[in-house]
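Given next are the chains, with one letter for each unit.
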Amino acid sequence: MSSASTAPGRLRAVWLRWRFHLNVLLLIVPLALMSQYFQNQAKFRGLMGLGEREIGEIQVGPWSARLAEHELGGPHDEGIYGFHKPFVVAFCETCLPQIKAAYLRIGEPRSLRAAGALLMGNPYALEGEVVVPPRASPDSELWLTVEGWDGSVHRASIPLAQASPDTQAWLEQRGNR
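Only a predicted model underlies this, so the values are computations on that prediction, with no experimental measurement involved. (Residues numbered from 1 in each chain as written. Predicted model: local features only at pLDDT ≥ 70, side-chain atom pairs only at ≥ 80, totals over all residues. Heavy atoms only, no water.)

Q: Requested: an account of the overall build of the protein chain, with residues and values cited.
A: If you tally the helices and strands in the protein chain, you get three helices and nine strands. Along the chain direction, N to C, the helices and strands of the protein chain fall in the order α-β-β-β-β-β-β-β-β-β-α-α. Expected size for 177 residues packed as a compact globule is a radius of gyration near 16 Å; at 25 Å, the protein chain overshoots this value by more than 25%. Each of the three principal axes of the protein chain carries a C-alpha extent, and together these read 90 × 40 × 25 Å. The 177 residues of the protein chain split such that 33% are buried. Of all intrachain contacts in the protein chain linking residues separated by at least 6 positions in sequence, the fraction that spans at least 24 positions is 56%. Looking at the protein chain as shown, the accessible area adds up to about 11,400 Å², and 58% of this sits on carbon and sulfur atoms. Averaged over its 17 positive side-chain charges, the protein chain has a centre that lies 14 Å from the centre of its 17 negative ones. (Helix = DSSP H or I, 4+ residues; strand = E, 2+ residues; numbered from the N terminus. Rg over C-alpha atoms; globule rule 2.2 N^0.38 Å. Buried < 20%, exposed > 50% of the residue type's maximum accessible area, 1.4 Å probe, protein only. Contact = heavy atoms within 4.5 Å. Areas by Shrake-Rupley, 256 points an atom, 1.4 Å probe, with all protein chains shown as cover. Lys, Arg positive; Asp, Glu negative; His and termini not counted. Charge placed at Lys NZ, Arg CZ, Asp CG, Glu CD.)

Structure (structure tokens):
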């Protein structure tokens, strides 16, 4: 009977001894991850620039836009929805009141109905996840389509090698599947 009464006492002693160490771990682990959290917050607020890699300025009809890759690396696998690559676009301040919508797409859009990913979010840093088509090739182009409030539609393209070298390398590695 003495062995049965000492088992809960031993378990309690182990708990009392190790709970301090577990509480210290609960404080240290979040502190170790705080730098990554603050870095992500600065990126999302635009304090570290438009994105991880600035592509440059593009003239789209009467408007100018700065384009950046939101994250470096190849496209993300979204399961049945295909592969997606995030980009960020910022239009000039005088352009913003004139722009109704903006779209990004890999490959030339056939019409405004198939213009690509709708850019959304903060008007000073519009974000969009571009779908990488299954038949995209490394020499494809990234197309920016902008619709104005007056009904005008303007398009501009940039080679994928310039827009996202990582995506181009990913397409070359992947081949035609």
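Q: Go over the sheet that holds strand β9 (residues 153-159) with me, naming the residues and quoting the values.
A: Spatially, β6-β5-β8-β9 is the arrangement adopted by the four strands of the open sheet, whose pairing is antiparallel. A single partner strand is all that each edge strand has here, and the edge strands are β6 (117-118) and β9. (Pairing = 2+ DSSP bridges.)

Q: With reference to specific residues and values, describe the nonpolar core.
A: Counting residues in hydrophobic clusters, the biggest one holds 29 residues, and the most contacted among them are Leu-67, Phe-87, Phe-91, Leu-104, Leu-142 and Val-146. The leading source of residues in this core is strand β5 (residues 99-106), at four residues. (Core = buried A, V, L, I, M, F, W, Y, C linked by side-chain atoms within 4.5 Å.)

Q: Describe the pattern of salt bridges, and please don't skip the residues or the numbers.
A: Enumeration over the complete set of coordinates arrives at four salt bridges. Arg-66 is paired through a salt bridge with Glu-54; the nearest N and O atoms lie 3.9 Å apart. Highlighted residues: Arg-66 in strand β2 (residues 63-69) and Glu-54 in strand β1 (residues 53-60), separated in sequence by 12 residues. Residue classification places Glu-54 among the partly exposed residues on the basis of a relative accessible area of 41%. Where Lys-85 meets Glu-69, a salt bridge forms, and the shortest distance between an N and an O atom there is 3.0 Å. In this pair, Lys-85 sits in strand β4 (residues 83-91) while Glu-69 sits in strand β2, placing the two residues 16 residues apart along the sequence. Put simply, Arg-53, Glu-69 and Lys-85 are held in one network by salt bridges that share partners. (Salt bridge = Lys/Arg side-chain N within 4 Å of Asp/Glu carboxyl O.)

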